[in-house]
Protein chains: 2
Amino acid sequence: MLYPPVVLNKKGLQTYLQRHLWFTQKEIKDFKKTSEKIAPGDLVTILSEENHFLGIGYFNPQSFYCLKLLSREEQKIDEKFFLEAFTKALKLRKSFYPGEGCFRLVFSEGDFIPGLIVDIFEKVVVVQIHTLGMERLVDFVIEALKVLFTPQAIVLKNDHTKRQEEGLPLYTKVVYGNVEDPILVTMDGIKFLVPVITGQKTGFFLDQRENRRAIARFSKGLQVIDGFSYIGGFGFYCLKSGADRVFFIDRSANALLLVEEIAKINHWKEKVITLQGDVFHILKNPPKVDMIILDPPAFIKSHKHVLEGEKKYETLYFLGLKALERGFFFGFSCSHFLKFERLLNFIKTSLKRLQVDGKIIFKGIQAKDHPINPFVEETFYLKGVGLYIEK
Amino acid sequence: MLYPPVVLNKKGLQTYLQRHLWFTQKEIKDFKKTSEKIAPGDLVTILSEENHFLGIGYFNPQSFYCLKLLSREEQKIDEKFFLEAFTKALKLRKSFYPGEGCFRLVFSEGDFIPGLIVDIFEKVVVVQIHTLGMERLVDFVIEALKVLFTPQAIVLKNDHTKRQEEGLPLYTKVVYGNVEDPILVTMDGIKFLVPVITGQKTGFFLDQRENRRAIARFSKGLQVIDGFSYIGGFGFYCLKSGADRVFFIDRSANALLLVEEIAKINHWKEKVITLQGDVFHILKNPPKVDMIILDPPAFIKSHKHVLEGEKKYETLYFLGLKALERGFFFGFSCSHFLKFERLLNFIKTSLKRLQVDGKIIFKGIQAKDHPINPFVEETFYLKGVGLYIEK
């Protein structure tokens, strides 16, 4: 046996056969004894009660999901394991986005590697680790990334608060090479400055790529609001597609400084207006535009905050639809906890309150380099609806 | 008052304020008396019990939804009404599909014109009418289409069995100009022969345009099965994108004859294989391919057939996933009655039975020239899920 054993009970075996990747204490036979024998974060061999091999995973008794599956085959989890997984993932991404140098290489459970996120920004690799088990494997991850990409730099952007649940510290660190923040990259022909050290998440939200492409196609000749713009993904895709003018609205002055910089290097300075402030507030007295895109941060971060968060989405969509005389409205949510149906309901409620008709002409999900694992519903988080409105 | 009055009761007013467009007998005040006074199919003025004007609609007491709303404004329903509605709809379609000559101009309730479908195939217009009320307005429709498009021909493709519920005969008729069936048109740079007289529905399924575009992008260098191909929409988009070979499978020998013709005129003859027969049967011993697209006809045509139809979808998706060693699977449903969640469930069940992992990399809906009316859920009918499979 490669690693110390963890035995699933009947309930755990069911979960395993349901092809989920996470297991709780209640799904493990003799959990207490097991957790005394295994150090937090260790690799383990997963067995059935009948002693059949089921897989390899990592174990952290302090975490609610104390066991996570890494492989259904009996294999060492080492540099070779990651190199093979990354090679496969890279092949798929290259078929998704031929010619593109920026993409998500690994989307944790969506790529069957729990706890690991890897974003590639041309020569800079940004890694996010969410679990103790994965943190213990970080050297293998880094070595495999070096071999596959010969990057200029690898950044560990380990500042996600989720890590605290696993007892992990929050930090950002360049673990290999050098990086000058922000870095200059090109996506879909647009130059972006991505703050891989000081930015949100890994520096850029790659998960909106297809939605940006789709929405930009509508925007030719139009005036656009890019609400919660961050460094301007949606807005710049629109400008690339011939939008007349884009209002970038964000709370972060730093993000808007980057918007201005990006506008300059793409020669769209005169088409860009930045508005620093609260989107909710600005939408109450908005500039007149033909298209409004609202892509807020997650308002619902846990089960406990569903009601309160939903209220925020509802208010936001209402303000957006109200601000629009005629044209396109796009509302997004990156809260896994907000179901598509609820999002749509809030839009319906707004249309009724405003007594206007809307035609739904778009439903979008996260980009395909953020694959959804059909058995881990948390991996489906990004949703968006687009309407055409004529008052 | 422009037209004889129909008065909504409290329940009907609720429906009206909910922005639905359909009303049942139970939502009309003094339904019996009203239906004695109004001839089936007549235009009516819709009023509240307090005698407030609510809208204009048409009335057919023999139909379950006996009243359908055409306008919330007090206006004559005549050639001018349709000309204005079509002009608006055309403007939107041109912004959706610049440079394209084939699109759906009117998608009934999705465009707030119940009972009317209009597809434009360059110089040929195909009209489908589903209700008696709309059939009575057909001359206005035709005149407006003539003014707007100066078409070579207008075809009334009134052979949908839904018409029988309204007591309407089934027929196909060229009501203006001349047409040689099939007609040659170009969509997204591909030449198609569309059987506007003898084909299914209006001759071509325009509702899959965005999904065809999206899926084609995955297909470069691949071998593909286009199951339930009809005249080959998906397969030809894949060939245009560089697919190596496409197997078109359909029950209809006539459809496959057109596939062969279309292959010839696009110079893809050597890349096309047609297989006439039952897709379920052929998938049991399938050619080895890298991509399988299954876009079956509606297996669920009414509430009564949900269970039986769902079983068929489940079996089909299972066979498709089983047939694939590694690569892309796309499963569609055009049954309004099959919910997205159910479709996904069938795919999950299949993955579990086959004990393979799949990454969801695509969710698709109907094309945007088939807008969804958020208040008429029947207008949301087309769904698809795409997975990447590695066994």
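Only a predicted model underlies this, so the values are computations on that prediction, with no experimental measurement involved.

**Q** How would you sum up the interface of chain B and chain A? Please name residues and give values.
**A** Listed by partner, the interface residues are 36 residues for chain B and 36 residues for chain A. Across the chain B to chain A interface the summed buried area is about 3,700 Å²; carbon plus sulfur atoms make up 61%. A per-residue breakdown of the area chain B buries against chain A is headed by Arg 19, Lys 359 and Pro 374 of chain B, which together make up 17% of the total. A salt bridge links Arg 19 of chain B to Asp 357 of chain A; the shortest N-O distance between them is 2.9 Å. Between the two partners, chain B and chain A, sit 15 residue pairs in polar contact (both at pLDDT 80 or more).

**Q** Report on the relation of the copies chain B and chain A, specifying residues and quantitative values.
**A** In this structure, two copies of a chain are linked by a rotation about an axis accompanied by a shift along it. With an RMSD of 0.0 Å, chain B superimposes on chain A once it is rotated by 180 degrees and translated 0.0 Å along the axis. With respect to symmetry, the two chain copies, as superposed, fit the operation of a two-fold axis. Looking at the rotation axis and the C-alpha trace of chain B, the residue lying nearest is Gly 364 of chain B, at 4.1 Å.

**Q** How would you explain the sheet that holds strand 10 (residues 171-177) of chain B if you had to name every residue and give the values?
**A** Residues and elements named next belong to chain B. Strand order across the open sheet formed by 5 strands is 6-7-8-9-10, with mixed pairing between neighbours. What marks the edges here is a single partner per strand, and that holds for strand 6 (102-107) and strand 10. Averaged over all pairs of adjacent strands, the angle between their axes in this sheet comes to 20 degrees, without regard to strand direction. Where strand 7 (residues 116-121) meets strand 8 (residues 124-129), 6 bridges bridge the pair, whose relative direction is antiparallel. Looking across to strand 8, one finds that Leu 116 is bridged to Ile 129. Its contacts with the sheet place helix 3 (residues 79-96) against strand 6 and strand 7, and it is angled at close to 135 degrees to strand 6.

**Q** Any chance you could break down the pairing of strand 17 (residues 326-333) of chain B for me, citing the residues and the numbers?
**A** All names here are of chain B. Within strand 17, 7 of the 8 residues are buried, which leaves it mostly tucked inside the rest of the structure. Here 4 bridges tie strand 16 (residues 291-294) to strand 17, and the two strands are oriented parallel to one another. The residue bridging Ile 292 from the neighbouring strand is Phe 329, located in strand 17. With helix 10 (residues 306-323) bridging strand 16 and the parallel strand 17, this β-α-β connection has right-handed handedness.

**Q** How would you explain the packing of helix 6 (residues 209-216) of chain B against helix 7 (residues 233-240) of chain B if you had to name every residue and give the values?
**A** Residues and elements named next belong to chain B. Running from N to C, helix 6 and helix 7 cross one another at 40 degrees; their axes reach a closest spacing of 8 Å. Looking at the two axes, helix 6 sits oblique to helix 7. By crossing handedness, the relation of helix 6 to helix 7 is classed as right-handed. Packed against helix 6, whose contacting residues are Arg 209, Asn 211, Arg 212, Arg 213, Ile 215 and Ala 216, the element helix 7 presents Gly 233, Phe 234, Tyr 237 and Cys 238 at the interface. Residue composition of the contact of helix 6 with helix 7, by class: 5 nonpolar, 2 polar and 3 charged.

**Q** Requested: an account of the pattern of salt bridges, with residues and values cited.
**A** Residue and element names in this part refer to chain A. According to the stated counting rule, one finds 38 salt bridges over all chains in the structure shown. Asp 111 is the partner of Arg 93 in a salt bridge, and the nearest nitrogen-oxygen pair spans 2.6 Å. Of the two residues, Arg 93 sits in helix 3 (residues 79-96) while Asp 111 sits in the loop between strand 6 (102-107) and strand 7 (116-121), which places them 18 residues apart along the sequence. Here Arg 93 matches Asp 111 in class, with each residue buried. Beyond isolated ion pairs, a larger network of salt bridges with shared partners links Glu 100, Asp 188, Arg 209 and Arg 213.

The rules behind the values
- Each residue is numbered by its place in its chain's sequence as written, counting from 1.
- Just so you know, chain letters begin at A and ligand numbers begin at 1, following the order they were written in.
- Per-residue local features of the predicted model are confined to residues with pLDDT of at least 70, and side-chain atom pairs are confined, for both listing and counting, to 80 or more; whole-chain, interface and lining totals are unaffected and use all residues.
- Here the side-chain values reflect all heavy atoms present in the structure, with hydrogen atoms and water set aside.
- The contact criterion used is simple: two residues touch if any of their non-hydrogen atoms lie within 4.5 Å.
- Buried area is understood as the total, over both parts, of accessible area removed when two parts are fitted together, assessed with a 1.4 Å probe.
- Salt bridge criterion: a side-chain nitrogen from Lys or Arg within 4 Å of a carboxyl oxygen from Asp or Glu.
- Polar contacts, as used here, are pairs of N or O atoms within 3.5 Å; protein pairs need one atom able to donate a hydrogen and one able to accept it. Residues neighboring in sequence count only if both atoms are side-chain atoms.
- Superposition of the copies used a least-squares fit over C-alpha atoms from residues whose pLDDT is at least 70 in both.
- Following DSSP output, two strands are said to pair if at least two bridges run between them.
- Under the DSSP-based scheme used, a helix requires at least four consecutive residues in state H or I and a strand at least two consecutive residues in state E, with every element numbered from the N terminus.
- For helices, the fitted axis covers only the stretch in contact; all axes are lines through C-alpha atoms, and the angles between them, taken along N-to-C directions, range from 0 to 180 degrees.
- Partly exposed describes any residue whose relative accessible area lies between the buried limit of under 20% and the exposed limit of over 50%, with all areas from a 1.4 Å probe on protein chains only and scaled to the type maximum.
- A right-handed crossover is one whose linking path, passing over the helix from the first strand to the second, runs clockwise when the strands point away from the viewer.
- By the definition adopted for this analysis, an angle is roughly parallel if under 35 degrees, roughly antiparallel if over 145, roughly perpendicular if from 65 to 115, and oblique otherwise.
- Should the near helix be turned anticlockwise from the far one by less than a right angle, the crossing is left-handed, and should it be turned clockwise, the crossing is right-handed.
- Gly is put with the polar residues, along with every residue not named as nonpolar or charged; the nonpolar set is Ala, Val, Leu, Ile, Met, Phe, Trp, Tyr, Cys and Pro, and the charged set is Asp, Glu, Lys and Arg.

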